[in-house]
Amino acid sequence: SSGINAEYGGHHPDDIAEAERLVEDIDDSVLLGDYIGKRPKKERSLENGVIVDNIPVIDSKKLPKLTKVLLTIFGKCGSITSHHIYLTEEGNTKGYMFIVFKTATEATTAISSLNGHRLDRNHCFSVNRLSDFENYMRVPDDWTQPTPQPYQPQENLKSWLQDADCFDHFAIVYGKNRTTGVFSCGPDSANLVQRRETWTESVIKFSPKGSYLSTCHKQGIALWGGPNFKRVARFIHPQVSYFQFSPCERYFVTYSKQPISPEDPQNLILWETRSETNRRAFTLPVLNYWPYFKWSHDGQYFATITGDNLSIYTTPSMKLLNKKLNVQNIRDFVWCPCENWIAYWQSENKDIPARVTIMSLPSCEPIASKNLFNVTNIEIFWQNSGNYLAVKVDRIMKNRESENVFEIFRLREKDVPVENFEIKSKVLSLSWDPKGPRFALIQGDQGRTDVSFYRIGEKIAQIGKTLMNKKCNTIKWSPLGQYCVLAGLNNFAFDGVLEFWDIGSDTPTMMEAGEHFMVTHLAWDPTGRYVCSSNSYGGHSVENGYFMWSFQGTKLYETSLEGFVQFQWRPRPPSLLTDAHLKEIKKNMKSYARDFEIKDKLSKSKASKELIEKRRRVYDEYMAYRKRKDQELKALCLQYEEIRSDSVEEEFVEEIVEFFIKEEVEPANDTKE
């Protein structure tokens, strides 16, 4: 017994077994819970951490300076808890670093704002989350070929351009249920194309080339297209406040005042329209203006102002073209409508004058610039063809009187000359003729305005006399130029007067005058044939609806709608005709006019409309029947060819056999002279 007790440390083996049975399973979380709770978790550290690639490769002597610069840049995104830059055996950096933020939200902000950030000309950051690398490691080594999917026919997004009558479309939103209707605009009535209730929850918008109709919903934005307006795309972004197409329609921008989720604070997203993929996202404060990004005419670039920086991004990479351009006191910028040029202006700062600069992309080299003094405000107006740029300069003189000066840049001429002219009275607005070197000015006060037209030749010259005491605050030019409408929008004092003018000659000529009381909006159709004036519910609660006018000022028809909210024309893509083709058509316009006049006369009477519809229906039925029979004939031909190929080919020998039938002899008659 004493030997056993000695072997087990003075304890009986039965006592030890009993003690082991009574031991409870207690882990470290019970005994050291306070300390273990503070220990960083693996998953959390991976979500909070980012890896920054493409940092400069330098030696250890410059490492402290580089570290300071990188921590300053990434420290703007959140609180950094740790960081590390790996070195080679020679003491040089390897080109990447690890950064761990306090929260995963801060890491997300760093990825969204600094991925693609250009440190200098040779180094552009690539920022990724550490957890992404773990996901990449889980990719199986064996590749499995995906199952081929059957072809799904796509909607014809240009089908509306095949209208035999070449009618333009427009869309309206009205009523308590936000009923949305799409119509084709005829010469004396609007023909319904599609109507749906609750199609949108707020507003609608056509894409710049008319391919898509976008509708807004609580869950995001939907795009519709094709002959029957089927849904072709959907962008999930809850509570969207603003949305925008790129001019090329390849990209779509959505913005919400609320973040997507507490873990993901991003609230502005750039989507690819076709694939519906999120190409890049930004975290922005609450915006009270739109658009945040301004696009170049071809959708190749988009830009915004952040403080004293002009940030220009390029597509499809969605990265900064160069590092942010530091432009002190930049106030606004405007893209050229037809070139990748950008015009911006800087305000005065102590002894530094205000400045207007025109810059070319992607080189970012200035094309022209001009210094301006005693400036209170500047407005920039591009002409559609990019030949001219008008800069309206507001100044306060010593006698406290305001002065309007215009600087006209001639962009297509050598050395870009700048012409200056002054307007003594206050200028309310400037608008360019879309197709010619003409522009119009509205001068005076809101209660009493004068209108002047100018033409740019060797010098700037006024067209005719100034139109005095006009009830207007807006000038809307036809998309084809030459014609314009003077209108007083959102102003009871103007009585809704609309004046239709022809500016093609040396003297402006008023073609017609009309009235639309309480008019709030005015819009030309893309072809310049019609003008629509509308009174929306947001402006006034009475007499809501729209009037349709010809370009000469004849009122064609009017429609009253309760709760009328919005009217928008469907844009057309740019014409494929060259300038030479257009000149040829204009030259031979008289030969086409007869056919158009006959067609217009037939369309005006109800009986003729019914006859035309019947003929068109019969024609469509015949063409469908013919198409069906052509297909049947092709199928029969294939069957005959198969039968012939199965039959035995026989050899044929061609012989010519001649037979003598008879011979006749006739005497020749004698002729007398």
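The structure under discussion appears in the preceding block.
Values in this document were obtained by computation on a predicted structure and should not be read as measured data.

*Asks:* What exactly am I supposed to notice about the overall build of the protein here?
*Replies:* Broken down by element type, the protein carries 11 helices and 41 strands. The buried share of the protein, taken over its 673 residues, is 39%. Across the protein, every contact between residues at least 6 apart in sequence was considered, and the portion connecting residues at least 24 apart equals 44%. Roughly 41,600 Å² of accessible area belongs to the protein as shown, and the carbon and sulfur atoms make up 51% of that amount.

*Asks:* For this particular structure, what's the right way to read the nonpolar core?
*Replies:* A general feature of soluble globular proteins is that nonpolar side chains tend to end up buried together. Core analysis: the largest hydrophobic core is formed by 21 residues, its most contacted members being V50, V52, F74, F101, F125 and V127. For this core, the secondary-structure elements that each account for two or more residues are β1 (49–53), α6 (63–75), β3 (93–101) and α7 (104–114). In terms of residue count, the dominant contributor to this core is α6 (five residues). Residues contacting V52, with those up to four places away along its chain left out, are F74, G95, Y96, M97, I99, F125, S126 and V127.

*Asks:* Where do I start with empty space enclosed by the protein in this structure?
*Replies:* To find the voids left in a structure, one rolls a probe of water-molecule size over its atoms. This model, assessed by the stated rule, comprises two cavities of 30 Å³ or more. Each pocket or cavity is described by its volume, and for the largest cavity that value is around 50 Å³. Forming the boundary of the largest cavity are 10 residues, of which N491, F492, G496, M518 and V519 lie nearest the centre. Tallied by class, the residues present in the lining of the largest cavity amount to four nonpolar, five polar and one charged. Taken as a whole, the second largest cavity spans an internal volume of roughly 40 Å³. L310, I312, L321, N322, K323, K324, L325 and C364 together form the lining of the second largest cavity.

*Asks:* How do you make sense of the side chain of H117 when you look at a structure like this?
*Replies:* Structurally, H117 can be placed in the loop between α7 and β4 (126–129). Take H117: its relative accessible area is 16%, and that puts it in the buried class. Excluding residues within four positions of it along the chain, H117 makes contact with I73, H123, C124, F125 and L320.

*Asks:* I'm lost on the packing of aromatic side chains in this one. Help?
*Replies:* Both the distance between ring centres and the angle between the ring planes are used here to describe each pair of aromatic rings. The final tally for this structure, using the stated rule, is 42 aromatic pairs. With a centroid separation of 4.9 Å and an interplanar angle of 80°, the aromatic rings of F293 and F302 are classed as edge-to-face. For the pair F293 and F302, one class covers both residues: buried. Note on F421 and Y454: the rings are 5.8 Å apart at their centroids and 45° apart in plane angle, and the pair reads as tilted. Here Y454 lies in strand β31 (residues 449–456) and F421 lies in strand β28 (residues 418–423), a separation of 33 residues in the sequence. Exposure class is identical for F421 and Y454. Each is buried. Through successive ring pairs, a cluster of aromatic residues spans Y251, F282, Y292, F293, W295, F302 and Y313. The cationic tip of R196 hangs over the ring face of W199; the distance from NZ or CZ to the ring centre is 4.3 Å. K205 extends its terminal NZ or CZ atom over the ring of F243, reaching a point 5.0 Å from the ring centre.

The rules we used
- Residues numbered from 1 in each chain as written.
- Predicted model: local features only at pLDDT ≥ 70, side-chain atom pairs only at ≥ 80, totals over all residues.
- Heavy atoms only, no water.
- Helix = DSSP H or I, 4+ residues; strand = E, 2+ residues; numbered from the N terminus.
- Buried < 20%, exposed > 50% of the residue type's maximum accessible area, 1.4 Å probe, protein only.
- Contact = heavy atoms within 4.5 Å.
- Areas by Shrake-Rupley, 256 points an atom, 1.4 Å probe, with all protein chains shown as cover.
- Core = buried A, V, L, I, M, F, W, Y, C linked by side-chain atoms within 4.5 Å.
- 1 Å grid on protein atoms, 1.4 Å probe; cavity = no way out; pocket = protein on both sides within 12 Å on 5 of 7 lines; lining within 4 Å.
- Points joined across faces, edges and corners; volume = space filled by probe spheres on them.
- Nonpolar A, V, L, I, M, F, W, Y, C, P; charged D, E, K, R; others polar.
- Phe/Tyr/Trp six-rings, centres within 6.5 Å; stacked < 30°, edge-to-face > 60°.
- Lys NZ or Arg CZ within 6 Å of the ring centre and 35° of its normal.

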